Amino acid sequence: MTTNKVGLEDLKSAVSGTVAPGVAAVASDAPDVIKYEKKVDAQGRAYATGKRKNAVARVWIKPGHGKLLVNGREGAKYFARPVLQMLIGQPFNSVNRNAQYDVWCTVVGGGLSGQAGAVRHGISKALVNFEPELRSLLKQGGFLTRDSRVVERKKYGQAKARRRFQFSKR
């Protein structure tokens, strides 16, 4: 078994394009850049599923005037707290698409905070399905990452997940 020793000069010539005798050319097959495509149904809507805690939101967006419907109710009435309304609007604000899309969604499970987070996650994913070029901006803002924090389960022989019953020595 023979081994060819490759020196620094041989590597420099391989990088510059010329190949030294007895040295195999370095293949520079860079992987192709992943191209995301627009995913829209027959009605011109983009769909995505968002999740947060125990809440799951099914979200559809289409070009419109910024109308938000959550479970058949107006978004401002469903999410009455201003913090939750701000949370839902964050993906649109980050990509400068305020009042350009109508959002229709159904949310099940969890409380209002988890549901607002699920709707935000779903809107972000639906925006990427509608306009793939927005993916990098939404990814930088952290809107496409599912927040995996959930409530820790209660353990047997304890009062709560970590709280124990009071210890009595006698």
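The structure we're discussing is the one just above.
The structure displayed is predicted, hence computed values, not measured ones.

## Quick notes on the overall build of the protein
Helices and strands together make up the secondary structure of the protein, namely five helices and five strands. Residues classed as buried in the protein amount to 32% of the 170 residues present. By sequence separation, contacts in the protein at least 24 residues apart represent 67% of the contacts at least 6 residues apart. Of the accessible surface of the protein, which amounts to about 12,100 Å², a share of 54% is contributed by carbon and sulfur atoms.

## Comments concerning the sheet that holds strand 3 (residues 68–70)
Strand order in the open sheet formed by five strands is 1-2-5-3-4, with mixed pairing between adjacent strands. The two strands at the open ends of the sheet, each matched to only one other strand, are strand 1 (46–52) and strand 4 (73–74). Pairing analysis gives eight bridges linking strand 2 (residues 55–63) to strand 5 (residues 101–108), with the strands arranged antiparallel. Within the sheet, the bridge partner assigned to Ala 57 lies in strand 5 and is Val 107. Sheet strands touched by helix 4 (residues 112–130): strand 1, strand 2 and strand 5. Its angle to strand 1, the strand with the most contacts, is close to 145°.

## Section: the nonpolar core
With 29 residues, the main nonpolar core has Val 59, Ile 61, Phe 79, Val 119, Ile 123, Leu 127 and Leu 138 as its most contacted residues. Among the elements of the structure, strand 1, strand 2, helix 3 (82–94), strand 5 and helix 4 are those that each provide at least two residues to this core. For this core, the element with the most residues is helix 4, which contributes eight residues.

## Some details on the pairing of strand 2
One ladder, built from seven bridges, connects strand 1 with strand 2; its direction is antiparallel. Its bridge partner lying in strand 2, Arg 52 is registered against Ala 55. Counted between consecutive antiparallel strands, the loop separating strand 1 from strand 2 contains two residues, among which Lys 53 sits at a positive phi close to 50°.

## Quick look at unusual backbone geometry
Here Lys 53, not a glycine, exhibits a phi torsion of approximately 50°, which is positive. Within the secondary structure, Lys 53 sits in the loop between strand 1 and strand 2. Residue classification places Lys 53 among the partly exposed residues on the basis of a relative accessible area of 38%. For Ala 99, which is not glycine, the phi dihedral falls at a positive 55°. Structurally, Ala 99 can be placed in the loop between helix 3 and strand 5.

## Structural notes on helix 3
The end-to-end C-alpha distance of helix 3, which contains 13 residues, comes to 18 Å, matching closely the 18 Å that a straight helix rising 1.5 Å per residue would cover. By the burial criterion, the buried members of helix 3 are Leu 84, Ile 88, Gly 89, Pro 91 and Phe 92. Count one or two residues on from helix 3 and you reach Asn 96, which has phi positive near 55°.

## Section: the packing of aromatic side chains
Each pair of aromatic rings is reported with the distance of its centres and the angle of its planes. In this structure the tally under the stated criterion is five aromatic pairs. A ring pair is formed by Tyr 47 and Trp 60, whose centres lie 5.1 Å apart and whose planes are at 45°; its orientation type is tilted. Remark: Trp 60 occurs in strand 2 and Tyr 47 occurs in strand 1; sequence separation between them is 13 residues. Exposure remark for Tyr 47: the relative accessible area of 35% places this residue in the partly exposed category. With a centroid separation of 6.3 Å and 20° between ring planes, the pair formed by Phe 92 and Tyr 101 is classed as stacked.

What counts, and at which threshold
- Residues numbered from 1 in each chain as written.
- Predicted model: local features only at pLDDT ≥ 70, side-chain atom pairs only at ≥ 80, totals over all residues.
- Heavy atoms only, no water.
- Helix = DSSP H or I, 4+ residues; strand = E, 2+ residues; numbered from the N terminus.
- Buried < 20%, exposed > 50% of the residue type's maximum accessible area, 1.4 Å probe, protein only.
- Contact = heavy atoms within 4.5 Å.
- Areas by Shrake-Rupley, 256 points an atom, 1.4 Å probe, with all protein chains shown as cover.
- Pairing = 2+ DSSP bridges.
- Axes fitted to C-alpha atoms, helices over the stretch in contact; angles between N-to-C directions.
- Core = buried A, V, L, I, M, F, W, Y, C linked by side-chain atoms within 4.5 Å.
- Expected span 1.5 Å × (residues − 1).
- Phe/Tyr/Trp six-rings, centres within 6.5 Å; stacked < 30°, edge-to-face > 60°.

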